[in-house]
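Secondary and tertiary structure notes
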Amino acid sequence: APEDVVAWAMITYNKSVAKLLVDRPLQTKHTVAGILKIQHEKSSPAEYKAVTQKVITGGLGNCRHVSLDLDLYSHATSPIRRFVDLLNQHALYETLRQWGADNEKSLNGTMDTLNASVKRIARYHATVDAMELAYITRKEPLLFSGKVEL
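Reference entry: report on the structure contained in this document.

Conventions adopted
- Residues numbered from 1 in each chain as written.
- Predicted model: local features only at pLDDT ≥ 70, side-chain atom pairs only at ≥ 80, totals over all residues.
- Heavy atoms only, no water.
- Axes fitted to C-alpha atoms, helices over the stretch in contact; angles between N-to-C directions.
- Helix = DSSP H or I, 4+ residues; strand = E, 2+ residues; numbered from the N terminus.
- Parallel < 35°, antiparallel > 145°, perpendicular 65-115°, else oblique.
- Left-handed = near helix turned anticlockwise from the far one by under 90°.
- Contact = heavy atoms within 4.5 Å.
- Nonpolar A, V, L, I, M, F, W, Y, C, P; charged D, E, K, R; others polar.
- 1 Å grid on protein atoms, 1.4 Å probe; cavity = no way out; pocket = protein on both sides within 12 Å on 5 of 7 lines; lining within 4 Å.
- Points joined across faces, edges and corners; volume = space filled by probe spheres on them.

1. A short note on the packing of helix α1 (residues 2–23) against helix α3 (residues 83–92)
- One way to put it is that α1 packs onto α3 with a least axis distance of 10 Å and a crossing angle of 50 degrees. Taken together, α1 and α3 sit at an angle that is classed as oblique. Viewed along their axes, α1 and α3 form a crossing whose handedness is left-handed. From α1, Tyr13, Val17, Leu20 and Leu21 reach across to α3, where they touch Asn88, Gln89, Ala91 and Leu92.
- Each residue belonging to the contact of α1 with α3 can be placed in one class, and the counts come to 6 nonpolar, 2 polar and no charged.

Below, the structure written as structure tokens:
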């Protein structure tokens, strides 16, 4: 199906970008090379992780995306709709040369804020989707079979 080709192309591109981001030389130990999307367990949601020299030298085994079965994965295919994608595009083209944090605590706080914001947006979208479904079926109820995950 056409959507499968698009999904494959996006995953392949995002995987390639992740590899480019971690293979690049960094100016300082706190310079951010880019942001990876990691998932430790299939049952847990994926989160963003900043790639710094410390992350790279500490080993990238902790940066896997389990559901996709990939050692490295990033978001970079949709810079007009995801902020992380825009940051990774800037990182690729080195237009954010001074992008980083003064210390690891500051960088971790930034990633925590980003992940919390992404979770809030996902909850909002789930609510909007539920409201749209309720609106569509308001006149003629429909029976659905499925699983709801939050």
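Here the narrative resumes, following the displayed structure.
2. Quick word on the layout of surface pockets
- In this structure, the largest pocket occupies an estimated 890 Å³ of space.
- In terms of lining, the largest pocket is formed by 27 residues, of which the most central are Lys37, Pro45, Val118, Lys119 and Ala122.
- Elements represented by at least two residues in the lining of the largest pocket include exactly β2 (47–51), α3 and α4 (104–136).
- Broken down by element, the lining of the largest pocket gets its largest block of residues, 10 residues, from α4.
- Grouping the amino acids of the lining of the largest pocket by side-chain chemistry returns 12 nonpolar, 7 polar and 8 charged.

By themselves, these figures tell us nothing about what the structure is for.
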